[in-house]
Amino acid sequence: MTLYEYAFQPFADYLFMRRALVACTALAIGGAPLGVFLVLRRMALVGDAMSHAILPGASIAFLFFGLSVWPMTLGGLVAGLAVAAMAGAITQFTQLKEDASFTGAYLLSLAIGVLIISLHGNSIDLMHILFGNVLAVDNHSLILVSGVATLSTFVLAIIYRSLVIECFDPGFMRSQHGKSGLLHQLFLVLVVLNLVAAFQTLGTMMAMGVMVLPAIAARFWTQNIDIAMPLAIIFAFASAFTGLLLSYHYALPSGPAIVITAGILYLVSVFFGRHGSIASRFFPRKHYEV
Amino acid sequence: MNVTLNNVTISYNRHPAVHHISGTFERGSLTAIAGPNGAGKSTLLKAIAGILQPQEGSIQINGKLAYLPQASEMQRDFPLSVLHMVLTGLWQQTGGMKAITKAMKERASIALTEVGLKGFEKRDLASLSTGQFQRALFARLLVQDADIMLLDEPFNAIDEHTVSLLMDIMLRWHEEKRTIICVLHDFTQIRAYFPQTLLLARECIAWDSTEKALHPEKLATTRFFRDDWNSNVSICERAI
Amino acid sequence: MKFSWIAASLTLLAMTASPAYADKLKVIASFSILGDMVHQVAGDNIDLKILVGADGDTHVYEPTPGDAKTVSAADLVIVNGFGFEGWMDRLIAASGYKGPVIAATKGIEPLHFEGTLNPDPHAWQSLANGKIYIANIRDALMQADKAHAADYRRNAEHYLKQIDALDRQVMSDMGAIPENKRKVISTHDAFQYFAQEYHVTFIAPQGINPEANVSAGDMAGLIDEIRKQHIHALFFENISDSRLMKQLESETGAHIGGTLYSDALSPPDGPASSYLALFAHNAAELTKGMMYNQ
């Protein structure tokens, strides 16, 4: 089998493969840079929490619109934004740090969601509606995830410098009246948007796998955030591309194949990365002249 | 270009770290804040910088402010280059969006040279020692070009030669009539360079010329200062 | 005086004979399809409660405290069996119910999920099995409520005739489609019994477990299969599977058929509000879909 036949023909032959790749690319571009910031702010687990936090919004939408994807996605988005807003406000105005305030907010949201569902008495698993499949990306989902990626990249470009400073030295921002609270909120909004769009298009595991794992891996190869950003995107895209091919040629389930590829990349980085890896610890490179 | 404290009390969990402080740092003054460990010096400085909020009282600031934190409080492995970190000091001019010009990079470079970090532009923050990190923060302070400079233990982990380097910069600021407030615990340094001293042991023990403030009598008072939370205290009834 | 005595005894007699004062047999049916069958056989002679209602998912049902109360007061519990109601044992233990638990599938030889030893519970998807269900239900009711045994026997006989009629109809409809065109693609692998009975091939991209992840290779294989065999009938079970189906549709030009009801009745205003309606609806939809196969 030639390289073309192995790596490119599957995408040429099948529409679903092309769509899957485009959706993953959009998520990589929009989400991986956010993943870098999530890791820096020690909020890497927020994606997992968010997949539960959107439940009450989806449940309420279900009560009014039935088992319909788009109202439920919108409801989930609203719930996610509400949780992010609440967590952000609590972080800003109380003594609580980000991780604790977020955990409190999402657990509350999840419990409310479960309550709404049990009151309604229906045992249909609502969440399945919200979580998509990378092999089943339809036009609407494609537009959603591409639109979010575009918006996200645009906004991130605007707030990039401020966000970096705020991550590095929040005290500095505060003393310069840099509206750090607003900045943090805006960042959370972007995270929620990307997550919900990714959930809907690709499912929860893939959404978080593509957003966060490449960002973590990138940290082992550069100590410069300006390089970490595009590197994370490249890693994310590479994981998706390779994972899809593995799923195609070896009949592996698609979602796990992509995430495991990202995971392998992460492990390789942990062991052999340039900065702070296990190799650099036990086999350090020669030091410079004084 | 001055800073006025009006009956400022800053508490952690209702226990005051800074207790009923009033006074003014006049324009162009060069003041050291001294006192035993845990006396509230950093806390006061942070409140002036706007990072902490006083529980009681108020702080009035006239002029642009710049704050130098202790290197130990910062994220030492954040993925930034030294030049970029120093450039963030130009925030007031660039905001989040405006381009960084060559002139700005020049300024940052010069600042780095002034603090003894010439050629460090492309280094990662993670590769710096504590002293080097402290000096890089100092360079950031330099480019901020503020009227009021707040420095929290700027000479920690720095050798004598560099201390005099940095002190030269501070004296230059003093000549430029900027207001400088500096937390220090080395009395020799204070006596050598700082005309004014605020002696703090939660409360204001002395706020005067250095000679008077660091008088042995005053220093003896602070020796009774206990750096522990007394669990049997009653509510403070002072009105002032 | 005599008159009042007679009046009193007549009234008493009337009271004991009146159904309003007689305790109806309290029967629990585990899910909606079963419930309808029980209702057809028992009529108004019983007090029937169904645990998993229309559109419910019996596989993942979580019993409520209210259910435990209902079961504890019951006289007869009828379940499907074959592992369909994994939660039933715990519920019965929790409720303290000590009465008879009848599996409607008694006497049916189960088909198994491909490559496993687990029985496929969806036996009602074959009308021949459906008749065995009715027989078991009738016998259980007659055993528990001898007073109305005649009613149950008569209702069951009537219902069995209806099932036979439907069976003949479905056989003839299916027969009209040539065997090599009798293929559909469906995400729900709950029609094994139907497939076997009426010689229809169900090709499933996923197993019954909707959590199972599809691989790109399988997807591509399925698309190739559809193109090669000219299958144009697609059926999906729930919305999350519909995405995969829609993707197949846009890629191959196949046609998505109507909803198939596999595990539960539809609500009363829907097309599958009773077992016979469900079966007739499914058969009609499948037939319609298979017409698209070239």
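Residues numbered from 1 in each chain as written. Chains lettered and ligands numbered in written order. Predicted model: local features only at pLDDT ≥ 70, side-chain atom pairs only at ≥ 80, totals over all residues.

Asker: Just checking my understanding: could you explain the overall build of chain A for this structure?
Answerer: Per the secondary structure count, chain A includes 14 helices and 0 strands. From first element to last, N terminus to C terminus, chain A shows the α and β order α-α-α-α-α-α-α-α-α-α-α-α-α-α. Taking 19 Å as the expected radius of gyration for a compact globule of 290 residues, we find that chain A reaches 20 Å, a close match to that expectation. In terms of principal-axis extent, the alpha carbons of chain A reach across some 70 × 60 × 30 Å. For chain A, with 290 residues in total, the buried portion stands at 51%. Relative to all contacts within chain A whose residues are 6 or more apart in sequence, the contacts with residues 24 or more apart total 73%. (Helix = DSSP H or I, 4+ residues; strand = E, 2+ residues; numbered from the N terminus. Rg over C-alpha atoms; globule rule 2.2 N^0.38 Å. Buried ≥ 20, exposed ≤ 12 C-beta atoms within 10 Å, placed from the backbone. Contact = placed C-beta atoms within 7 Å.)

Asker: In this structure, what is going on with the overall build of chain B? I would like to understand it.
Answerer: For chain B, the count of helices and strands is 9 helices and 9 strands. Taken over the C-alpha trace, chain B has a radius of gyration of 19 Å; the compact-globule value for 240 residues is 18 Å, and the two agree within 12%. Counting every position in chain B, which comprises 240 residues, the buried fraction comes to 41%.

Asker: Even after reading the chapter, I still don't get the sheet that holds strand β2 (residues 15-25) of chain B, so can you show me in this structure?
Answerer: Consider a sheet: its strands pair through backbone hydrogen bonds, and that pairing is either parallel or antiparallel. Residues and elements named next belong to chain B. With antiparallel pairing, the 3 strands of this open sheet are ordered in space as β2-β1-β4. Either end of the sheet is taken by a strand with one partner, and the two such strands are β2 and β4 (56-61). Neighbouring strand axes in the sheet, compared pairwise and without regard to direction, differ in orientation by 20 degrees on average. The sheet contact formed by strand β1 (residues 3-12) and β4 spans 5 bridges and is antiparallel. The residue of β4 that forms the bridge with Val3 is Ile61. (Pairing = 2+ DSSP bridges. Axes fitted to C-alpha atoms, helices over the stretch in contact; angles between N-to-C directions.)

Asker: Even after reading the chapter, I still don't get the sheet that holds strand β8 (residues 196-201) of chain B, so can you show me in this structure?
Answerer: Residues and elements named next belong to chain B. Strand order in this open sheet of 6 strands is β5-β6-β7-β3-β8-β9, and the pairing throughout is mixed. Here the strands that pair on one side only, and so sit at the sheet edges, are β5 (65-68) and β9 (203-209). Strand-to-strand, the axes of this sheet are offset by a mean angle of 15 degrees, without reference to chain direction. Inspection of the sheet shows strand β3 (residues 30-34) paired to strand β7 (residues 179-183) by 4 bridges, in the parallel sense. Looking at the pairing, Thr31 lines up with Ile181 of β7. Against the sheet, helix α5 (residues 130-144) engages β5 and β6 (148-152), with an angle of about 175 degrees to β5.

Asker: Looking at this structure, I do not really get the pairing of β8(B). What am I missing?
Answerer: Successive side chains on a regular strand alternate, one facing one side of the sheet and the next facing the other. All names here are of chain B. Most of β8 is tucked away, with 6 of its 6 residues classed as buried. The alternating pattern of β8 places Gln196, Leu198 and Leu200 and Thr197, Leu199 and Ala201 on opposite faces, both of which are buried. Of the strand pairs in this sheet, β3 and β8 are connected by 4 bridges, and their pairing is parallel. Within the sheet, the bridge partner assigned to Ile33 lies in β8 and is Leu198. Looking at chain direction, β8 and β9 are connected through 6 bridges and run antiparallel. In the strand pairing of β9, Leu199 is matched with Ala206. The turn linking β8 back onto β9 is made up of 1 residue, and Arg202 within it adopts a positive phi angle of 70 degrees.

Asker: Is there a simple way to explain the pairing of β6(B) in this structure?
Answerer: Residues and elements named next belong to chain B. Among the 5 residues in β6, 5 count as buried, and that is most of the element. Covered by surrounding structure in β6 are Ile148, Leu150 and Asp152 together with Met149 and Leu151, the residues of both alternating faces. Where β6 and β7 come together, 5 bridges link them in parallel fashion. Note on β7: the bridge partner recorded for Ile148 is Thr179.

Asker: I tried to follow the interface of chain A and chain C on my own but got confused; where do I start?
Answerer: Often, the extent of an interface is quoted as the loss of accessible area upon association of its parts. Listed as interface residues are 28 residues of chain A and, on the opposing side, 23 residues of chain C. Going through the elements one at a time, α2 (15-40), α7 (127-130), α12 (225-250) and α13 (254-272) of chain A are the ones with two or more residues in the side of chain A that touches chain C. Here the side of chain A that touches chain C is built from residues that sort into 18 nonpolar, 8 polar and 2 charged. (Nonpolar A, V, L, I, M, F, W, Y, C, P; charged D, E, K, R; others polar.)

Asker: What am I meant to see in the interface of chain A and chain B here?
Answerer: Across the boundary between the two partners, chain A contributes 17 residues, which contact 19 residues of chain B. Going through the elements one at a time, α8 (139-168), α9 (170-175) and α12 of chain A are the ones with two or more residues in the side of chain A that touches chain B. Across the side of chain A that touches chain B, the residue classes tally to 6 nonpolar, 8 polar and 3 charged.

Asker: Would you mind showing me how to read the domain arrangement of chain B here?
Answerer: Residues and elements named next belong to chain B. Domain annotation of chain B identifies domain 1 (1-64 + 146-240) and domain 2 (77-145). Computed from C-alpha atoms alone, the centre-to-centre distance between domain 1 and domain 2 is 26 Å. Per-element tally for the side of domain 1 that touches domain 2: the top contributor is helix α6 (residues 160-175), with 4 residues. In the side of domain 1 that touches domain 2, the residues fall into 8 nonpolar, 2 polar and no charged. (Domains from an automatic or database assignment.)

Asker: For this particular structure, what's the right way to read the environment of Leu63(A)?
Answerer: Looking at where Leu63(A) falls in the secondary structure, it is placed in helix α4 (residues 55-65). Considered as a pair, Leu63(A) and Leu190(A) are 127 residues apart in the sequence and their alpha carbons are 27 Å apart.

Asker: Help me out: how do you make sense of the confidence of the model for chain B in this one?
Answerer: For chain B, per-residue confidence averages 86 on the pLDDT scale, and residues scoring 70 or more make up 94% of the total. Put simply, helix α9 (residues 216-223) of chain B is where chain B has its lowest mean pLDDT, 77, and helix α2 (residues 82-87) of chain B is where it has its highest, 94. (pLDDT = per-residue confidence, 0-100.)

Asker: How should the arrangement of the chains be read in this particular structure?
Answerer: When the 2 pairs of chains in contact are ranked by number of contacts, first place goes to chains A and C. The two units chain B and chain C never meet; even their closest C-alpha atoms stay 38 Å apart.

Asker: Help me understand unusual backbone geometry in this model?
Answerer: Leave glycine aside and you will find that most residues have negative phi; peptide bonds, for their part, are mostly trans. Residues and elements named next belong to chain B. Phi at His20 is positive, roughly 50 degrees, even though this residue is not glycine. By the secondary structure assignment, His20 is in strand β2. Judged by local crowding, His20 falls into the partly exposed class, with 18 C-beta atoms found within 10 Å. Positive phi outside glycine occurs at Glu153, with the angle close to 50 degrees. The topology assignment puts Glu153 in the loop between β6 and α6.

Asker: Help me understand the packing of α2(A) against α8(A), please; the structure alone is not making it clear to me.
Answerer: A packed helix pair is summarised by two numbers, namely the angle formed by the two axes and the spacing between the axes. Residues and elements named next belong to chain A. The N-to-C vectors of α2 and α8 enclose an angle of 20 degrees; their axes lie 9 Å apart at closest approach. In terms of their interaxial angle, α2 and α8 are classed as roughly parallel. The element α2 and its partner α8 pack so that their crossing is left-handed. From α2, Arg19, Val22, Ala23, Ala26, Leu27, Ile29, Gly30, Pro33, Phe37 and Leu40 reach across to α8, where they touch Ser141, Leu142, Val145, Ser146, Val148, Ala149, Ser152, Thr153, Leu156, Leu163 and Cys167. Across the contact of α2 with α8, the residue classes break down as 15 nonpolar, 5 polar and 1 charged. (Parallel < 35°, antiparallel > 145°, perpendicular 65-115°, else oblique. Left-handed = near helix turned anticlockwise from the far one by under 90°.)

Asker: What am I meant to see in helix α10 (residues 275-290) of chain C here?
Answerer: Structural remark: α-helix, 3.6 residues per turn; residues separated by three or four positions point the same way. The end-to-end C-alpha distance of α10(C), which contains 16 residues, comes to 22 Å, matching closely the 22 Å that a straight helix rising 1.5 Å per residue would cover. Next to the buried residues of α10(C) lie α2 (32-42), α5 (127-144), α6 (149-175), β5 (183-186), β7 (233-235) and β8 (255-256) of chain C. (Expected span 1.5 Å × (residues − 1).)

Asker: Explain the confidence of the model for chain A to me, please; I cannot follow it from the model alone.
Answerer: In regions of low pLDDT, the predicted coordinates are not meant to be interpreted in detail. Per-residue confidence for chain A gives a mean pLDDT of 87; residues scoring 70 or more make up 97%. The least confident element of chain A is α7(A), whose mean pLDDT is 67; the most confident is α12(A), at 94.

Asker: When you look at the environment of Asp159(B) in this model, what are you seeing that I'm missing?
Answerer: Residue and element names in this part refer to chain B. Within the secondary structure, Asp159 sits in the loop between β6 and α6. Judged by the 11 C-beta atoms lying within 10 Å of it, Asp159 falls in the exposed class. Counting along the chain gives 28 residues from Asp159 to Gly131, while the straight-line C-alpha distance between them is 8.3 Å.

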